[in-house]
Amino acid sequence: MAVNLATKYSSQIAEVFTAGSFVKGKTSTTFDLTGVKTLKVYTPVTVPEVDYTREGMTRYGTVTEMQDIVQELKMTQDKAFTLTIDKGNYLDQNMSKKAADMLRLQINEQSTPAADKYALKQFAKMAGTIATTDNAPTKDTIVELISTGAQTLDDNLVPDGDRYIYVTAEVYKMIRLSPEFTGLEGLGVKAIGKGICGEISGLNIVRVPKSYMPTGCYFIITHKNSVLMPYKISDAKVHNDPVGVSGALIEGRHYYDAFVLGAKSKGVYALVQKSSKLTAPILAVSSLAVTATKPSGAEEMWYTVDGTDPRYSDSAKVYTSAVTMTSGATFRVVAFAEGKFTSDVADKTC
C-alpha cells in the first residue's frame, strides 16, 4: 500500500525546507511557478525623456510602441531519492524510523543543502555585476569591499531593504575583526531568519557553510526582488511491504531552480577571484558581419542582435560563427564555462 506524502505532509515538508534553507524566504515570490516547469517573464522597457516641443505634431517626441524584455525561466533540477526501512531495524530501534520523519530528515540533510548550493552558484554565475579582486579579502579590506558592493546597488537605484549578503564563517570573522567594526558583539542581536547574524552597509548578513559558497567566490549580495528560487516537491510516497522488501520503501522526486531576473539583475553582486572569471569576448566588425573570439577557458558564448542582455534574454542564441547585422543594430555577447564565472557582456553597434 502507498501513502502519498506529497498530499498528506505537503505543508510540513514545505515548512521543513523553508526553515532549513539559508536562501528560501530571501527571494522574490512575485512569480508563481507552481504547477509549471517554464515561465516567461515580461518586463516593460521605459523610454528616455526628450525636450517638449511647443509646435508640430510630435510635441511629446516620437511615438514608440511599448517593448518588453522577455526572460524564459525553466526549472531544470529534477532530482529523486529512495530508501528503505526494514521491519527488523524499525522494531529494533524502538519505532524511531517513521516514514514521515525519515522524509523530513532526507529534506533537511540532502535536498535543502543541495538546493541552497545550487541557488548560490546560479546567483553568482548570473549576477548583474561580477566584481573581481586579485587578492583574497582580509580583515583590513573586507568592509571596504562590501561597501563597494552596496554602493553598486545604490548607484543602480536598487531599493533599500531586503538586501542580503551571503558570506562564509571565515569572511564573517573578518568582518567582526575589522578595524571599522570593533565591538561588533551586537551583530547577532537582530537575527531575524535562518543564518542572519547581523547587518553591514544596509545588508543583512547571512552566514552559510563554506561548502555552500561557489569556489572562488568571496561573497554574494542579492536584493530579494532580483532573485527567484522556485521549489516543488512533485512526488513522495511510502510503499509498505513492496516486492523484495520486508518493511517500507520511501521514494521521492522534486524539482527546483534558481534565477536572477534580468530586468533587476543590478540587484545581484558577486565578488570573485579574478582568475576565476572569464574575460570578455573580443569583437571585430567587417562589412556589418560581427565576429566574436571566445576568451581562454570559455565553453560557449550567447549573443543577441536586438540589444538585449544575452545572459537573460529570450532571444539569445549560441554563437557559432560570424553574424551579419543590419546598420544601427547592436550585437551583444557573453561567455560561459563550467567552473568559471560569467564574463562581462561585450557589445558592438554596427
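Residues numbered from 1 in each chain as written. Predicted model: local features only at pLDDT ≥ 70, side-chain atom pairs only at ≥ 80, totals over all residues. Heavy atoms only, no water.

**A few points about the pattern of salt bridges**
Condition: Whenever a carboxyl oxygen of Asp or Glu lies within 4 Å of a side-chain nitrogen of Lys or Arg, that contact is scored as a salt bridge. Under the scheme used here, helices are H or I runs from DSSP no shorter than 4 residues and strands are E runs no shorter than 2 residues, and both carry numbers assigned from the N terminus. Accessible area is worked out with a 1.4 Å probe on protein chains only. A residue is then buried under 20% of its type maximum, exposed over 50%, and partly exposed in between.
Tallied over the full model, the rule gives 8 salt bridges. Note that Asp241 and Lys87 form a salt bridge whose closest N and O atoms lie 3.1 Å from each other. Here Asp241, found in the loop between strand S11 (231-240) and strand S12 (247-256), pairs with Lys87, found in helix H3 (residues 87-92); they are 154 residues apart in sequence, far enough to count as distant. With a relative accessible area of 42%, Asp241 lands in the partly exposed category. Of the residues examined, Lys87 reaches a relative accessible area of 40% and is grouped as partly exposed. Salt-bridge contacts for Asp344 lead to Lys277; the nearest nitrogen and oxygen are separated by 2.7 Å. One end of the pair, Asp344, is in the loop between strand S20 (330-336) and strand S21 (346-349); the other, Lys277, is in the loop between strand S14 (268-273) and strand S15 (282-286), and 67 residues separate them in sequence. Connected through salt bridges with shared partners, the residues Asp154, Asp160 and Arg163 form a single ionic network.

**With respect to the side chain of His254**
Under the convention used in this document: In protein, a polar contact means a hydrogen-donor-capable atom and an acceptor-capable atom, both N or O and within 3.5 Å, with residues adjacent in sequence counting only if both atoms are side-chain atoms; elsewhere, any N or O pair within 3.5 Å suffices.
The topology assignment puts His254 in strand S12. Within polar-contact distance, the side chain of His254 engages the side chain of Ser111 at 3.4 Å.

**Here's the deal with the packing of aromatic side chains**
Put simply, the test is: In this analysis, rings of Phe, Tyr and Trp, with Trp reduced to its six-membered ring, are considered paired at centre separations within 6.5 Å, and the interplanar angle assigns stacked below 30 degrees, edge-to-face beyond 60, and tilted for intermediate values.
Using the criterion set out here, one finds 8 aromatic pairs in the structure. Ring centres of Phe22 and Tyr212 lie 5.5 Å apart, and the angle between their planes is 90°; this geometry places the pair in the edge-to-face category. Residue Phe22 is located in the loop between helix H2 (10-20) and strand S2 (38-45), and its partner Tyr212 is located in the loop between strand S8 (203-208) and strand S9 (217-223); the two are separated by 190 residues in the primary sequence. As far as the burial class goes, Phe22 and Tyr212 line up, both buried. An angle of 15° between the planes, with centres 6.3 Å apart, marks the rings of Phe219 and Tyr269 as stacked. Placement of the pair is Phe219 in strand S9 and Tyr269 in strand S14, with a sequence separation of 50 residues. The pair Phe219 / Tyr269 is uniform in exposure class, with both members buried. Here the aromatic residues Tyr303, Tyr319 and Phe331 are joined through ring pairs into a cluster of three or more.

**Comments concerning the sheet that holds strand S6 (residues 163-168)**
As a reminder of what qualifies: When DSSP locates at least two bridges between a pair of strands, those strands are taken to pair. Axis angles are defined between N-to-C directions and span 0 to 180 degrees, where every axis is a line fitted to C-alpha atoms and, for a helix, only to the segment in contact. Two residues qualify as a contact provided that any one of their heavy atoms is within 4.5 Å of a heavy atom in the partner residue.
The 6 strands are arranged S5-S14-S9-S6-S8-S7 in an open sheet whose pairing can be described as mixed. Strand pairing shows two members of the sheet lacking a second neighbour, strand S5 (129-133) and strand S7 (196-200), which therefore form its edges. Along the sheet, successive strands turn relative to each other by an average axial angle of 25°, direction set aside. Looking at chain direction, S5 and S14 are connected through 5 bridges and run parallel. Each bridged residue has a counterpart across the sheet, and for Thr132 the counterpart in S14 is Val272. Packed on one face of the sheet, helix H4 (residues 99-125) meets S5, S6, S8, S9 and S14 and runs near 85° to S9. Together, S6, S7, S8 and S9 form the strand contacts of helix H6 (residues 169-177), whose direction differs from that of S6 by roughly 105°.

**Digging into H6**
The criterion, for reference: The arc refers to the directions leading from the helix axis to the C-beta atoms.
Inspection of H6 places Val171, Tyr172, Met174 and Ile175 among the buried residues, and these make up the whole buried set. Down the axis of H6, the buried side of the element spans an arc of 155°, and every buried residue falls inside it. Turned more than 90 degrees from where H6 packs its buried face, Glu170, Lys173 and Leu177 sit exposed. Those residues of H6 that are buried lie in contact with helix H5 (142-155), S6, S7, S8 and S9.

**Notes on the confidence of the model for the chain**
Going by this rule: Values of pLDDT, ranging from 0 to 100, describe the predictor's confidence in every residue of the model.
Mean pLDDT over the chain: 85, with 86% of residues reaching 70 or higher. Counted against residues more than four places away or in other chains, residues 1-6, with its pLDDT under 50, gives 18 contacts. For the stretch residues 188-192, pLDDT sits under 50, and the model shows 3 contacts to residues farther than four places along the chain or on other chains.

**A look at the side chain of Lys26**
Note the following rule: Under the convention used here, Asp and Glu are negative, Lys and Arg are positive, and both His and the chain ends fall outside the count.
With respect to the helices, strands and loops of the structure, Lys26 is situated in the loop between H2 and S2. Despite its burial, Lys26 pairs with no opposite charge, the nearest such side chain being Asp116 at 7.6 Å.

**Points about the sheet that holds strand S16 (residues 289-293)**
Two pairing modes exist for strands in a sheet, parallel and antiparallel, and in both the strands are linked by backbone hydrogen bonds. Reading across the sheet, the 3 strands line up as S15-S16-S19 and stay open at both edges, with antiparallel pairing between neighbours. Where the open sheet ends on each side, the last strands, each with one partner, are S15 and strand S19 (323-324). By the bridge criterion, 5 bridges tie S15 to S16 in an arrangement that is antiparallel. The residue of S16 that forms the bridge with Ile282 is Thr293.

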